[in-house]
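# Notes for the structure review
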Amino acid sequence: MKTLNALLGAVAALSLFAVSANAQTYPERSITMVVPFSAGGPTDTVARLVAESMSKDLGQQIIVENVGGAGGTLGAGRVAQADPDGYTVLLHHIGMATSATLYRKLAYDTLNSFEYVGLVTEVPMTIVARKDLEPTDLKGLVDYVKANKDTVTVANAGIGAASHLCGMMFMSAVETPLTTVPYKGTGPAMTDLLGGQVDIMCDQTTNTTKQIQGGTIKAYAVTSPERLKVFPDLPTTAEAGLPNLQVGIWHGIYAPKGTPAEITERLSKSLQVALKDPNVVARFGELGTAPSSDADATPAALKAKLEGEIARWKPVIEAAGQYAD
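Presented here is a report on the structure given in the accompanying data block. (Residues numbered from 1 in each chain as written. Predicted model: local features only at pLDDT ≥ 70, side-chain atom pairs only at ≥ 80, totals over all residues. Heavy atoms only, no water.)

Looking now at the overall build of the protein chain. Of the regular secondary structure elements, the protein chain holds 11 helices and 9 strands. In terms of C-alpha radius of gyration, the protein chain reaches 21 Å, essentially the compact-globule figure of 20 Å for 325 residues. For the protein chain, the C-alpha atoms occupy an extent of roughly 80 × 40 × 30 Å along the three principal directions. Buried positions account for 52% of the 325 residues belonging to the protein chain. Sequence separation of 24 or more characterises 78% of the internal contacts of the protein chain that already satisfy a separation of 6 or more. Within the structure as shown, the protein chain displays about 14,200 Å² of accessible surface, and the carbon and sulfur contribution to it stands at 53%. Looking at the protein chain, you have 26 positive and 32 negative side-chain charges, and the mean spots of the two groups are 2 Å apart. (Helix = DSSP H or I, 4+ residues; strand = E, 2+ residues; numbered from the N terminus. Rg over C-alpha atoms; globule rule 2.2 N^0.38 Å. Buried < 20%, exposed > 50% of the residue type's maximum accessible area, 1.4 Å probe, protein only. Contact = heavy atoms within 4.5 Å. Areas by Shrake-Rupley, 256 points an atom, 1.4 Å probe, with all protein chains shown as cover. Lys, Arg positive; Asp, Glu negative; His and termini not counted. Charge placed at Lys NZ, Arg CZ, Asp CG, Glu CD.)

Here is the structure:
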């Protein structure tokens, strides 16, 4: 028995040594960053900017792979089942928190199937409309949707998408249910808004900034506590009369459960380096957002954020009674 115990102890020690050795030499090959939404969308834009900079710091390429569908849960599920070796990671937005309530049956445990790397950024939302919609300010828009609630349409990129969540909060804030039109991605939703097929959308600045600046859509407000440098003349929702409509779409990086702490820490340090990259800072600024601080780009901060946001959104989703399954 003593011999067996000694043998088992030696095997365990060798395993720990191997894990430690692998962590010290990590990464030795390319890393896949799964984005659970379509290419070209706002979350994909954030991921590609960060991945490019992290690749330089890590000395290995981070390849962004889009695995869309089911409000981001397909991509998240894929990462949850991946080998916990640091070569598959997930960049997800606020939908990581809301899916815990939106989907009553998930193939993974939102809080416990992942290790945490850190927060990336929190992107403000904009309330926008087709350029020929009558109201000229947010108060006018609220009056308009209340008077035309049976015909006004609200576009979103699908259940669980940032635009869907913000749209729900908008309807809650104005206390008026509206007809929602879900699309398979942000691109098609924006295309129909530009074409006038739908009336309103609430989406991230990473998707709406160019269109607002080009005058191809009408902007009413930003959902951040303060005005944005990129839109100094655009009021906040609080300034414009909807103080309860404040929401930011935060993004974080995760790894499969069981990924060694040395690896998640290495990824976190690389993320912190990337978020100071002048190109990342500048591009984020152009998109109306800013990189997370060193204190937020950590495993502990991301875990705390996810726990708090699950608790925050649960009553909102349950009150709306809109579930994805």
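Turning to unusual backbone geometry, a few remarks are in order. Backbone torsion omega between Tyr-26 and Pro-27 reads -5°, so that peptide bond is classified as cis. As for its placement among the helices and strands, Pro-27 is situated in the loop between helix H1 (2-25) and strand S1 (31-35). In this model, Ala-70 sits at a positive phi of 55°, which is unusual for a non-glycine residue. We classify Ala-70 as partly exposed; its relative accessible area is 35%.

Checked against the element boundaries, Gln-60 lands in the loop between helix H2 (42-58) and strand S2 (62-66). What makes Gln-60 partly exposed here is its relative accessible area of 23%. Each C-alpha atom, one on Gln-60 and one on Ile-31, is 7.3 Å from the other, the two residues being 29 residues apart in sequence. Setting aside residues no more than four positions away along its own chain, Gln-60 makes contact with Pro-27, Glu-28, Arg-29, Ser-30 and Ser-55.

Counting buried positions over the 9 residues of strand S9 (residues 248-256) gives 9, a clear majority of the element. Sheet topology places strand S3 (residues 88-92) next to S9; 3 bridges connect them, and they run antiparallel. When the sheet's bridge partners are listed, Leu-91 is paired in S9 with Ile-253. Bridge count for strand S4 (residues 114-130) against S9 is 9 bridges, and the pairing is antiparallel. Its bridge partner lying in S9, Thr-121 is registered against His-251. (Pairing = 2+ DSSP bridges.)

To continue, consider the pattern of salt bridges. Note that side chains of opposite charge can pair when their charged atoms are close. A complete count under the given rule lists 13 salt bridges for this structure. In this structure, the salt-bridge partner of Arg-130 is Asp-132, at a minimum N-O distance of 2.8 Å. The network of salt bridges with shared partners includes Arg-130, Asp-132 and Asp-199. (Salt bridge = Lys/Arg side-chain N within 4 Å of Asp/Glu carboxyl O.)

Attention now moves to the packing of aromatic side chains. Counted under the stated rule, the structure contains 4 aromatic pairs. Counting every residue linked through ring pairs, the aromatic cluster contains Tyr-108, Phe-114, Tyr-116 and Tyr-254. We note Arg-29 situated over the ring of Tyr-87; from NZ or CZ to the ring centre the distance is 3.8 Å. Its end group placed over the ring of Tyr-323, Arg-104 keeps NZ or CZ at 4.1 Å from the ring centre. (Phe/Tyr/Trp six-rings, centres within 6.5 Å; stacked < 30°, edge-to-face > 60°. Lys NZ or Arg CZ within 6 Å of the ring centre and 35° of its normal.)

Bringing the packing of H2 against helix H9 (residues 261-274) into the picture now. Their axes nearest at 8 Å, the elements H2 and H9 cross at an angle of 115°. The element H2 and its partner H9 pack so that their crossing is right-handed. Only Arg-266, Leu-267, Ser-270, Leu-271, Val-273 and Ala-274 of H9 make contact with H2, whose side of the interface consists of Val-50, Ser-53, Met-54, Asp-57 and Leu-58. In terms of residue class, the contact of H2 with H9 is built from 7 nonpolar, 2 polar and 2 charged. (Axes fitted to C-alpha atoms, helices over the stretch in contact; angles between N-to-C directions. Left-handed = near helix turned anticlockwise from the far one by under 90°. Nonpolar A, V, L, I, M, F, W, Y, C, P; charged D, E, K, R; others polar.)

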